[in-house]
Amino acid sequence: MLEKIKIDFDKYLEIKNFSKDETILRRKSFDQFLSIGLPNKKIEDWKFSDLNKVLNDNFEEISIYKEENILNVINNKIIKEFEHNSLIIFNGKLFSSNFEHENTSKIKLNQLSLSEKNLKKENSLTSLNSALIEKIVELNIDENYEFKKPLIIYHLSDNNLSDKIINNKIKLNLGQNSKLICIEIFGYNKNKNFNLKNLEITLDKNSILKKYKYDDINNEQINYSYENVNLEENSNFENFIFSVGSKFSKNEILCNLNGKHSSCFLNGIINLDDQKHHEIKTFINHANENTKSHQLVKSVLSGSSTGVFQGKIYVNKIAQKTDGYQLSKALLLSENSEFDAKPELEIYADDVKCSHGSTSGNIDEQSMFYLMSRGLSHDEAKKMLINGFLIDVVEQITEEKIKELTRNYLIK
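Residues numbered from 1 in each chain as written. Predicted model: local features only at pLDDT ≥ 70, side-chain atom pairs only at ≥ 80, totals over all residues. Heavy atoms only, no water.

1. Description of the overall build of the chain
(1) Moving on: Secondary structure assignment for the chain yields seven helices and 20 strands.
(2) Moving on: For a compact globule of 412 residues, the expected C-alpha radius of gyration is about 22 Å, and the chain comes in at 21 Å, within 12% of that figure.
(3) Moving on: Across its three principal directions, the C-alpha atoms of the chain cover 70 × 50 × 45 Å.
(4) Moving on: In the chain, which comprises 412 residues, the proportion classed as buried is 56%.
(5) Moving on: For the chain, the proportion of contacts with a sequence separation of at least 24, taken over those separated by at least 6, is 83%.
(6) Moving on: About 17600 Å² of surface is accessible on the chain, with carbon and sulfur atoms providing 46% of the total.
(7) Moving on: Looking at charge distribution, the chain has the averaged site of its 55 positive side-chain charges lying 2 Å from that of its 60 negative ones. (Helix = DSSP H or I, 4+ residues; strand = E, 2+ residues; numbered from the N terminus. Rg over C-alpha atoms; globule rule 2.2 N^0.38 Å. Buried < 20%, exposed > 50% of the residue type's maximum accessible area, 1.4 Å probe, protein only. Contact = heavy atoms within 4.5 Å. Areas by Shrake-Rupley, 256 points an atom, 1.4 Å probe, with all protein chains shown as cover. Lys, Arg positive; Asp, Glu negative; His and termini not counted. Charge placed at Lys NZ, Arg CZ, Asp CG, Glu CD.)

2. Section: helix α7 (residues 400-410)
(1) Moving on: Among the residues of α7, those classed as buried are Ile402, Lys403, Leu405, Thr406, Tyr409 and Leu410. Seen end-on, α7 carries its buried residues on one side only, within an arc spanning 160°. Along α7, exposed side chains directed more than 90 degrees from the buried face belong to Glu400 and Lys401.
(2) Moving on: Looking at the buried residues of α7, the elements they touch are β8 (179-187), β10 (208-215), β12 (236-243), β14 (263-272) and α6 (378-394). (Arc of directions from axis to C-beta.)

3. Let's talk about the packing of aromatic side chains
(1) Moving on: For the coordinates displayed, the defined rule picks out 14 aromatic pairs.
(2) Moving on: Taken together, a centroid distance of 5.5 Å and an interplanar angle of 40° make the contact between Trp46 and Tyr224 tilted. With Trp46 in the loop between α2 (20-36) and α3 (51-58) and Tyr224 in strand β11 (residues 222-231), this pair connects stretches of sequence that are 178 residues apart. Here the two residues Trp46 and Tyr224 agree in accessibility, since each one is buried.
(3) Moving on: The structure contains a cluster of three or more aromatic residues connected by ring pairs, namely Tyr214, Phe240, Phe242 and Tyr409. (Phe/Tyr/Trp six-rings, centres within 6.5 Å; stacked < 30°, edge-to-face > 60°.)

4. Concerning the environment of Ile270
(1) Moving on: Assignment of secondary structure puts Ile270 in strand β14.
(2) Moving on: Through-space distance from the C-alpha of Ile270 to that of Phe309 is 9.5 Å; in sequence the pair is 39 residues apart.

5. Digging into the packing of α6 against α7
(1) Moving on: Put simply, α6 and α7 touch, their axes get as near as 11 Å, and they point 155° apart. Regarding the angle of α6 to α7, the classification is roughly antiparallel. In the packing of α6 onto α7, the handedness of the crossing is right-handed. In this structure, α6 uses Lys383, Asn387, Leu390, Ile391 and Val394 to contact α7, whose residues at the interface are Lys403, Thr406, Arg407 and Leu410.
(2) Moving on: When grouped by side-chain class, the residues that make up the contact of α6 with α7 number four nonpolar, two polar and three charged. (Axes fitted to C-alpha atoms, helices over the stretch in contact; angles between N-to-C directions. Parallel < 35°, antiparallel > 145°, perpendicular 65-115°, else oblique. Left-handed = near helix turned anticlockwise from the far one by under 90°. Nonpolar A, V, L, I, M, F, W, Y, C, P; charged D, E, K, R; others polar.)

6. Thoughts on the packing of α2 against helix α4 (residues 124-132)
(1) Moving on: Their axes nearest at 8 Å, the elements α2 and α4 cross at an angle of 150°. Classified by the angle their axes make, α2 and α4 are roughly antiparallel. Where α2 crosses over α4, the handedness of that crossing is left-handed. The residues of α4 that touch α2, namely those facing Arg26, Ser29, Phe30, Gln32, Phe33 and Ile36, are Ser124, Ser127, Leu128, Ser130, Ala131 and Leu132.
(2) Moving on: Partitioning the contact of α2 with α4 into residue classes produces six nonpolar, five polar and one charged.

Honestly, that's just the spatial picture; any functional story needs more than this.
Here it is, written out as structure tokens:
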């Protein structure tokens, strides 16, 4: 597969006709990718999710997306429940933007070419993303500006697109004392594609970002998402992941608490059936004193599905007064389902409060019997217990409209 991607990459550079400097950077990134290769179980961070095997099992041949024709945009994923601003990312590219509810003089939307500054090589997949993205979408929010309505980023794809590598990269920069509520909706088609998504977030002093991600429609997509979040003093990052629909998904989040009194809250639901495989991997870097992190991830797994949570809390030696909490729980509904967890603490400061834990188990049969004795069918009782298990993750959401939207996703 790597050889096919290599040949296709050369054709991609010829067709796109990038500048000489940009071509050099792209080749540099692509060589970095080739030197490491596709992630597999030999790499510690991928010990539970062998992407190399997943891609080879699902694609006889995969190529880089190059077509320019836009055949149709999927409209059935547009949220109607409340007013919002929007960015539509179609086949990995910025298709349209709408900030009708905002003071647009306080917002700057740019499309950036690849540069040395934007060259990222955290792992082989971020290097591949840098080599293939055409433009980086950058949204800058001025200091002291609070969005009046949420921003929804729609990730959509052409119904006819199949067996392609689709890339996008977004940078969100929040100025001092600014605030944004951001929702990511994934309306990819049901075909098999390999989606690479890279998100860089910078939160300046006293800024707030609340971000919610929904992958809820059943599809055959293979997804990898990498998020790098940097927080300055008194900034706050709330992140929620609803991971249900895709065949394979890995959400990787690096959160750097660089400023004093910065905080992050990372919560997620993995709810899978069939042979789906989803992973949430977090690395919380407490780099300064009086920082706080809270993580809660719950998984419900049926059929032959696999859920994975890898979470690490790292406390720098200067990060005194750190408060770090992490918990993952899984409900296994069949003997063929699997849950893998790797909670970690690495602490170099002595005045901290940190905890982590992981549990897994089956539905309580006594509770099932009790509910059925009160007139509920077996399926109704099972659904009630599953929702009861997951609902406390939903309750972590601090925005009522988003919380209600999530409840609706949960009871579908």
